[in-house]
Amino acid sequence: MSTTESVLDHHLETFGALDAEGIMEDYADDAVVITEEEVFRGVEAIREGFFEEGLFPDFDDPDATFSLNTQVVEGDYAYIVWRAETSNTTYEFATDTFVIRDGEIVSQTFAAETSAND
């Protein structure tokens, strides 16, 4: 069985590679991702709405930077704080909280303070 930390490490690695298939391996079929704008239920909604239409287009930039400021793992919970800059957006402060059970992400929250780059 995968540990919370190993699932998080895989998730971060596959996100950095913009590997949709790899990322989706981390989620339970009925996983939920909650943002301030929308709730994505199930792997297809998460893949399409949160990643392919949301974050991936912004991070598909060879000059994008990403820095992980904080990573805390406690039991089934993982919390990260990060910042990033793409040609379109500065993620001044971003945070995700993951609940990972039986080697799969069952829920995730995401919030970010962003500004558009001119």
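It should be noted that the structure appears before, not after, this text.
Notes on the structure in this doc start here.

Each value, and the rule that gives it
Residues numbered from 1 in each chain as written. Predicted model: local features only at pLDDT ≥ 70, side-chain atom pairs only at ≥ 80, totals over all residues. Heavy atoms only, no water. Buried < 20%, exposed > 50% of the residue type's maximum accessible area, 1.4 Å probe, protein only. Helix = DSSP H or I, 4+ residues; strand = E, 2+ residues; numbered from the N terminus. Expected span 1.5 Å × (residues − 1). Bend = angle between axes of the 7 residues up to and from the residue.

### Let's talk about unusual backbone geometry
Where the residue is not glycine, phi is negative for most of them; where a peptide bond is considered, it is trans in most cases.
In step 1: At Leu18, a position not held by glycine, the phi torsion is positive, near 50°.
In step 2: What makes Leu18 partly exposed here is its relative accessible area of 26%.
In step 3: Of note in this structure, Asp102 is not a glycine but carries a positive phi near 50°.
In step 4: Along the chain, Asp102 falls in the loop between β5 (89-101) and β6 (104-116).

### Details of helix α3 (residues 43-59)
In step 1: With 17 residues, α3 extends just 20 Å between its outermost C-alpha atoms, more than 12% less than the 24 Å of an ideal straight helix rising 1.5 Å per residue.
In step 2: Largest kink in α3: about 45°, centred on Phe51.
In step 3: The set of residues buried in α3 consists of Val43, Ile46, Arg47, Phe50, Phe51, Leu55, Phe56, Asp58 and Phe59.

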